[in-house]
Amino acid sequence: MQLHAYLNFDGRCEEAFNFYQKALGGEIQFMMRNGDSPMAKDMPAEQHGKVMHARIRIGDQVVMGSDMQAGCMEKPQGFQITINTWDPAEAERVFQALQPNAEIRMPLQETFWAVRFGMLTDQFGIPWMINCERPMPS
């Protein structure tokens, strides 16, 4: 069994996945637009350029996503995508990479449980936590 996050966007899925590919070193493995699908004839023409389904591999993890139909998008809430690393420099790099036009909810900093921890909502409205945990005492 695998567990993957599936992100919904308000018409910016392709832009977001291209950003994640660059910022996080991911590889877009699949992207289908509504106009390229067998359902294209049943969709309004203005929806044809929107993403029906996309998949990006980031490290050994997968994130999937799509554009919502006009008027159906809801603000993401009740979750955060968490990136965990054991390398403080990598935590710094990732936090910086996700920062353009983001809302910083907690600057990346040392906490009692982490060498580095920070939270932001990126320019696409997706909430992220970056965590570089302290090694557990033996």
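Relevant structure appears above.
A. Just the overall build of the protein, in detail. When helices and strands are counted, the protein shows 2 helices and 8 strands. Listing the helices and strands of the protein from first to last along the sequence gives β-α-β-β-β-β-α-β-β-β. Based on the C-alpha atoms only, the size of the protein along its principal axes is roughly 60 × 30 × 25 Å. Looking at the 138 residues of the protein, the share that counts as buried comes to 38%. Counting contacts in the protein only where the partners sit at least 6 residues apart, residues at least 24 apart contribute 50% of the total. In the protein, the 12 positive side-chain charges and the 17 negative ones have mean positions that sit 1 Å from each other.

B. Up close: the sheet that holds strand 8 (residues 127-133). Spatially, the 4 strands line up as an open sheet ordered 5-8-7-6, and their pairing is mixed. For this open sheet the edge positions go to strand 5 (81-84) and strand 6 (103-109), each flanked by a neighbour on one side alone. Shown here is a sheet whose adjacent strand axes are inclined to one another by a mean of 10 degrees, direction ignored. The strands touched by helix 2 (residues 88-98) are strand 5, strand 6, strand 7 (114-121) and strand 8; relative to strand 7, the strand with the most contacts, the crossing angle is about 10 degrees.

C. Spatial organisation of the pattern of salt bridges. Considering all chains together, one arrives at 6 salt bridges under this definition. Notably, a salt bridge pairs arginine 12 with glutamate 15, separated by 3.0 Å at the nearest N-O pair. Residue glutamate 15 is classed as partly exposed on the basis of its relative accessible area of 40%. Here glutamate 110 and arginine 134 are joined by a salt bridge, their closest N and O atoms 2.5 Å apart. With glutamate 110 in the loop between strand 6 and strand 7 and arginine 134 in the segment after strand 8, this residue pair connects regions lying 24 residues apart in the sequence. The exposure class of arginine 134 is partly exposed, given its relative accessible area of 29%.

D. The arrangement of the sheet that holds strand 2 (residues 27-33) in detail. On the basis of which strands lie adjacent, the open sheet formed by 4 strands has the order 1-4-3-2 and mixed pairing. Each of the sheet's edge strands pairs with one partner strand only, and the pair in question is strand 1 (5-9) and strand 2. Averaged over all pairs of adjacent strands, the angle between their axes in this sheet comes to 15 degrees, without regard to strand direction. Inspection of the sheet shows strand 1 paired to strand 4 (residues 61-67) by 5 bridges, in the parallel sense. Opposite alanine 5, over in strand 4, you have valine 63 as the bridge partner. Relative to the sheet, helix 1 (residues 13-24) contacts strand 1, strand 2, strand 3 (51-58) and strand 4, its axis offset from that of strand 3 by approximately 5 degrees.

E. Just the packing of helix 1 against helix 2, in detail. Across the interface, helix 1 lies against helix 2 with an axial gap of 9 Å and an inter-helix angle of 150 degrees. Looking at the two axes, helix 1 sits roughly antiparallel to helix 2. Crossing of helix 1 over helix 2 shows right-handed handedness. From helix 1, Phe19, Tyr20, Ala23 and Leu24 reach across to helix 2, where they touch Arg93, Val94, Ala97 and Leu98.

F. Quick peek at the environment of phenylalanine 112. Note that phenylalanine 112 resides in the loop between strand 6 and strand 7. Considering only alpha carbons, one finds phenylalanine 112 and aspartate 10, 102 residues apart in sequence, at a separation of 37 Å.

So, how was this worked out
- Within each chain, residues carry numbers counting from 1 in the order of the written sequence.
- It should be noted that, the model being predicted, local features are given only for residues of pLDDT at least 70 and side-chain atom pairs only at 80 or more, the latter also being counted only at that level, while totals for whole chains, interfaces and linings use all residues.
- The basis for every side-chain value is the complete set of non-hydrogen atoms in the structure, without hydrogens or water.
- Runs of E in the DSSP output that reach at least two residues are strands. Runs of H or I that reach at least four are helices, and both are numbered from the N terminus.
- Categorising residues by exposure relies on relative accessible area from a 1.4 Å probe, with only protein chains included: less than 20% of the type maximum marks a residue as buried, more than 50% marks it as exposed, and the intermediate range marks it as partly exposed.
- The contact criterion used throughout is that any non-hydrogen atoms of two residues lie within 4.5 Å.
- In this charge count, Lys and Arg are treated as positive and Asp and Glu as negative; neither His nor the chain ends contribute.
- Positions of charges follow a simple convention, taking NZ of Lys, CZ of Arg, CG of Asp or CD of Glu.
- Any two strands between which DSSP finds at least two bridges are classified as paired.
- In this description, a line fitted to the C-alpha atoms serves as the axis of each element, helices being fitted only across the stretch in contact, and the angle between N-to-C directions of two axes falls anywhere from 0 to 180 degrees.
- Counted as salt bridges are all cases of a side-chain nitrogen of Lys or Arg within 4 Å of a carboxyl oxygen of Asp or Glu.
- Every angle not falling under 35 degrees, over 145, or within 65 to 115 is termed oblique; those three ranges are roughly parallel, roughly antiparallel and roughly perpendicular.
- Handedness of a helix crossing follows the sense of rotation of the near helix relative to the far helix, less than a right angle counterclockwise being left-handed and clockwise being right-handed.

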